[in-house]
Amino acid sequence: MKRTLFAIVFASAFALRCTTGSIPDDRCLAMLQGRVREIVPSGNGEMMRFDTIGRLVYSAEVDENLNATGNETNFIYFPMEDGREERIEMISRNDKLVNRRRCAVTRTRKGVEMRYFKIRVRTDERIFTDMVRTVDMQGGKAVCQQDTDRTVIQYYYLAGNRLPYKSEATDTLGRVTVTEYEYPDIDSLGNWLTRLSLRNDGHPVLESRMIRYYK
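Rules used throughout
Residues numbered from 1 in each chain as written. Predicted model: local features only at pLDDT ≥ 70, side-chain atom pairs only at ≥ 80, totals over all residues. Heavy atoms only, no water. Pairing = 2+ DSSP bridges. Helix = DSSP H or I, 4+ residues; strand = E, 2+ residues; numbered from the N terminus. Salt bridge = Lys/Arg side-chain N within 4 Å of Asp/Glu carboxyl O. Buried < 20%, exposed > 50% of the residue type's maximum accessible area, 1.4 Å probe, protein only. Core = buried A, V, L, I, M, F, W, Y, C linked by side-chain atoms within 4.5 Å. Contact = heavy atoms within 4.5 Å. pLDDT = per-residue confidence, 0-100.

Draft legend 1. Looking closely at the pairing of strand β7 (residues 111-119). Of the pairings in the sheet, the one linking strand β6 (residues 96-108) to β7 comprises seven bridges and is antiparallel in character. Counterpart to A104 in the pairing with β7 is R115. The turn linking β6 back onto β7 is made up of two residues. Relative to strand β8 (residues 126-138), β7 runs antiparallel, the two sharing eight bridges. Bridge assignment links E113 to a residue of β8, and that residue is T134.

As structure tokens, this is what we get:
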């Protein structure tokens, strides 16, 4: 229930890089606190792994046996000469590479931009495409996300809480999906272990997961 969120009284003490005025890492974009190493869903859901500095290195939708149900993505990072970071997304299915994407990642206190590009074979020139994903931050929290398909998701928080109680997703046709969240189980670092999602156009969805941390 939303009321359970007030129990997260440790927010200012445990937040490592997701604090006001800091540069957001990928754990912060995923609304995670602390040195999260891996997220393991209890049933069907998304598995994620992060490196020690908070960058996403693996993501896949898995079943109850933790077998990938579709694409798996491994992420590799390299510094760019202009201060940005190049991220290569290696997308595979059934252990076979099906796609590889590159993007230039820009991180500031106000948010993160991932601008995708291709490499011209003969000159190694970067040719940027119209695929861009952005996440706007406010007070160390993700407040607005635009995906590469132009879907825009806005997140809403109760005062003093770091987990959203509601989101509004607007697609390219202007259709709005509102989802409200309840968190029956939250760990000592403020990350949810059980979440109930209530959509205005569908049935309630209950998710549970295990979170492993770096020591």
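Still more to cover.
Draft legend 2. Quick look at the pattern of salt bridges. In this structure the tally under the stated criterion is 18 salt bridges. Between R101 and E89 there is a salt bridge, with its nearest N and O atoms 2.8 Å apart. Here E89 lies in strand β5 (residues 85-93) and R101 lies in strand β6, a separation of twelve residues in the sequence. A relative accessible area of 27% places R101 in the partly exposed class. In this structure, D201 and R199 form a salt bridge, with 2.9 Å as the shortest nitrogen-oxygen distance.

Draft legend 3. Highlighting the nonpolar core. Residues L29, M114, M137, A142 and Y157 are the most contacted members of the largest nonpolar core, which totals 16 residues. For this core, the elements supplying multiple residues, two or more each, are α2 (26-29), β6, β7, β8, β9 (141-146) and β10 (152-156). Those residues in contact with M137, other than ones at most four positions away along the chain, are P24, C28, L29, R109, K110, G111, A142 and V143.

Draft legend 4. Spotlight on the confidence of the model for the protein chain. Summing up the model confidence of the protein chain, the mean pLDDT is 90 and the portion of residues at 70 or higher is 90%. Of the regions scoring below 50 in pLDDT, residues 1-17 engages in 35 contacts with residues more than four places distant in sequence or in other chains.

Draft legend 5. Molecular detail of the environment of G139. Positionally, G139 belongs in the loop between β8 and β9. C-alpha of G139 to C-alpha of T151: the two residues are twelve residues apart in sequence and 23 Å apart in space.

Draft legend 6. Structural context of the pairing of β5. Taking burial as the measure, the nine residues of β5 include seven buried ones, the bulk of the element. Looking at chain direction, strand β4 (residues 68-79) and β5 are connected through eight bridges and run antiparallel. Among the inter-strand pairings, Y77 is bridged to a residue of β5, identified as R87. Where β4 folds back onto β5 in an antiparallel hairpin, the turn is made up of five residues, including G83, whose phi is positive at roughly 95°. Alignment of β5 against β6, held across nine bridges, turns out to be antiparallel.

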